[in-house]
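Topology and contacts: notes
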Amino acid sequence: MTNFGLDIWSNKNFIIEDGQIKLNYKCMPSLLKITEDIRDRDIRGPILLRFPHLIKKQIRSLYWYFDKAIKENNYKGNFNAVFPLKVNQFPYAVEAVTTQGEEFNYGLEAGSKAELILAMSKTPNGSNITVNGFKDKEMIFLGFIAAQSGHNITITIEGLGELETIIEVATESKIKVPNIGIRIRLHSSGSGVWAKSGGMDAKFGLTSTEILEAVSLLREADLLNNLTMIHFHIGSQMSDIAPLKKALREAGNIYAELKKMGADSLNSINIGGGLAIEYDQHTHTKGHNYSIEEFSSSVVFLLADIMNTKKVSHPDIFTESGRFIVASHAVLIAPVLELFSQDYQEQHLRIKDKNPPLIEELLELNQLLNNKNCIEYLHDALDHMESLLTLFDLGYIDLKDRSNAEILVHSIIKKALYLKSATPTDELERLQEKLQERYLINASIFQSLPDYWGLGQNFPIMPLNHLDATPLRAASLWDITCDSDGEIVFNQDRPLYLHDVNLDEEDYFLGFFNVGAYQETLGMNHNLFTHPNEYTINISDSDYEIINEVESKNILEILSSIGYDENEISNKLKTDLANSIFITEQEKNDTLAKLELYLNQNGYLRTTL
Ligand SMILES: *Cc1c(COP(=O)(O)O)cnc(C)c1O
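An account of the accompanying structure is given in this report. (Residues numbered from 1 in each chain as written. Predicted model: local features only at pLDDT ≥ 70, side-chain atom pairs only at ≥ 80, totals over all residues. Heavy atoms only, no water.)

Let's shift gears to the sheet that holds strand β5 (residues 107–110). Strand order in the closed barrel made by the 8 strands is β4-β5-β6-β7-β8-β9-β10-β11, with parallel pairing throughout. On average, adjacent strands in this sheet sit at an angle of 25° to one another, irrespective of strand direction. Running at roughly 135° to strand β7 (residues 152–157), helix α7 (residues 160–172) makes contact with β7 and β8 (179–183) of the sheet. (Pairing = 2+ DSSP bridges. Helix = DSSP H or I, 4+ residues; strand = E, 2+ residues; numbered from the N terminus. Axes fitted to C-alpha atoms, helices over the stretch in contact; angles between N-to-C directions. Contact = heavy atoms within 4.5 Å.)

When you tally the buried positions in β8, you get 4 out of 5 residues, the bulk of the element. Judged from the 4 bridges that link them, β7 and β8 form a sheet pairing that is parallel. Along β8, the bridge assignment pairs threonine 156 with glycine 181. In this view, the connection linking β7 to its parallel neighbour β8 by way of α7 has right-handed handedness. Alignment of β8 against strand β9 (residues 227–231), held across 4 bridges, turns out to be parallel. Paired with isoleucine 182 across the two strands is isoleucine 230, which belongs to β9. (Buried < 20%, exposed > 50% of the residue type's maximum accessible area, 1.4 Å probe, protein only. Right-handed = clockwise from strand over helix to strand, strands pointing away.)

What follows covers the packing of aromatic side chains. To describe a pair of aromatic rings, you give the distance between the ring centres and the angle between the ring planes. Here the structure, examined in full by the defined rule, presents 17 aromatic pairs. Relative to phenylalanine 104, the ring of tyrosine 63 lies with its centre 4.2 Å away and its plane at 15°, an arrangement referred to as stacked. Of this pair, tyrosine 63 sits in helix α3 (residues 52–72) while phenylalanine 104 sits in the loop between α4 (91–100) and β5, and the two are 41 residues apart along the sequence. Since its relative accessible area comes to 6%, tyrosine 63 is described here as buried. Under the relative-accessibility criterion, phenylalanine 104 is labelled partly exposed at 23%. Ring centres 5.3 Å apart and planes at 80° place the aromatic pair tyrosine 279 and phenylalanine 459 in the edge-to-face group. Of this pair, tyrosine 279 sits in the loop between β10 (268–270) and α10 (292–310) while phenylalanine 459 is found in the loop between α17 (450–455) and β14 (461–463), placing the two residues 180 residues apart along the sequence. The exposure class assigned to phenylalanine 459 is buried, which follows from its relative accessible area of 6%. Among the aromatic residues, ring-to-ring pairing joins Tyr63, Phe66, Phe79, Phe104, Tyr106, Tyr290 and Phe295 into one connected group. Seen from the ring of phenylalanine 392, arginine 402 lies directly overhead, with NZ or CZ sitting 5.0 Å from the centre. (Phe/Tyr/Trp six-rings, centres within 6.5 Å; stacked < 30°, edge-to-face > 60°. Lys NZ or Arg CZ within 6 Å of the ring centre and 35° of its normal.)

If you want it as structure tokens, here you go:
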């Protein structure tokens, strides 16, 4: 896996060149160079990089394939897309979506009051806003305010109660009534880990009886002309396209039936999100089985087919793809702080003038190991290790001898693995697993990869350099939280191999890819680690610029965000130190300055080069 599955997950967004991973765009900067530029500003913790051009690429590809399908199927409706804010509400992610999507009038979807306020302030004029999720009267009134203020807003009802509230607000006030959508409760359900949004027992949507009731209520209130949209969403990261096709048949037929019943203003079908992206680094565990091309052509073909059969005009198509649009745009970069078996380096050997005979033999095996003899020598070394451990337990050799034995056997195994890396035997593979290296990363999995912790979701992981050398260390990753769940374990089925590096001499950074969807918003401050420093990277033909720095919350800010009084804390610490005795005024002042500095830095570690 020397390319770390780049051909599987990266969608040609990155390439490996000169042993480094580079952006496959314009002047093609390497991630290492960008990282070093940022670290030159004295930044030491994890960093999150946003690449707006990757959002543009996804938006264009979505529109391009839908346009293609629309032409091929002689489809009469238009294609529209909105971005669901719950997938990433961070300012520079939302800004990237609205600016990169400007040529398509890209809109926003809101699922809560706060998201609706955000959508109302950030949706460019003329773009669409859709509103899903459970709503109270206030939230519905906000939707009226948005319509009155000139937004193209559609409020999708999740139940009849919400419709009754809309009618109530429309009766009570004279302000503009927004468009109304109906979310249908699908009979069919989705696929994949997130497929909880469809099916008879789904949390959302109206049954067919309720839909008929909704139409009567709208007609009575003289609001049937506000009914414009049928909506469904079958769950995120669809692994298979079959459930989507089923849902489309259901939604398409409901749409056509309602048109026939006189819902004349009905003009769109909103197919929600769910379009998957590839997270896997290994071919045999790929996460989905269809392309964007198959997705768009299935949607357009099926809707055309249903409407043609029922002689109903083609609806506009709306999507609310979130993951597909933003997952690839963000990369988390974490410095490796420590390799736990670095203690086993040969420089730590404490060879004596006179060593136990088995140690002498290990020294010889280690020196003479070659491609021909390495399996035999490896077996000898493992044998000797057993004997030496027994000798230690019985008191015949000392701690120095035991340490020498461990270092030498480690070195012999590593050399054998290296020599046989092209043709590893089962035994070598087992040894490799046992000899897993633990890479301590300066990041929090809970903050930056919460779906790994919560759902076992894998993300592509690879180092930023050394990519011209075969990585030989079976790796598991430890984060710096004090939680044993803060570990990405080595898995024989989806192994991760990393390089043996000497961190005293050079930095080693790991990139975590496709983290732009859901991770930032779900990230939690476990152990009070906060969102990492983030940067937007704009790439041109000749250069790149690092803009929009958002610094990680500092220690006082994070304490204050959970309700502590930051002044009280900082004063208490400073007074205690100031009142302490047995140091000079000078030392006291220097120490106070340090304390002040620490309180105003973030909590990530600062121990790398
Ligand atoms: C979450 C959600 C989406 C986004 O789904 P993705 O899988 O990220 O594309 C779209 N629409 C609705 C109603 C949602 O709840």
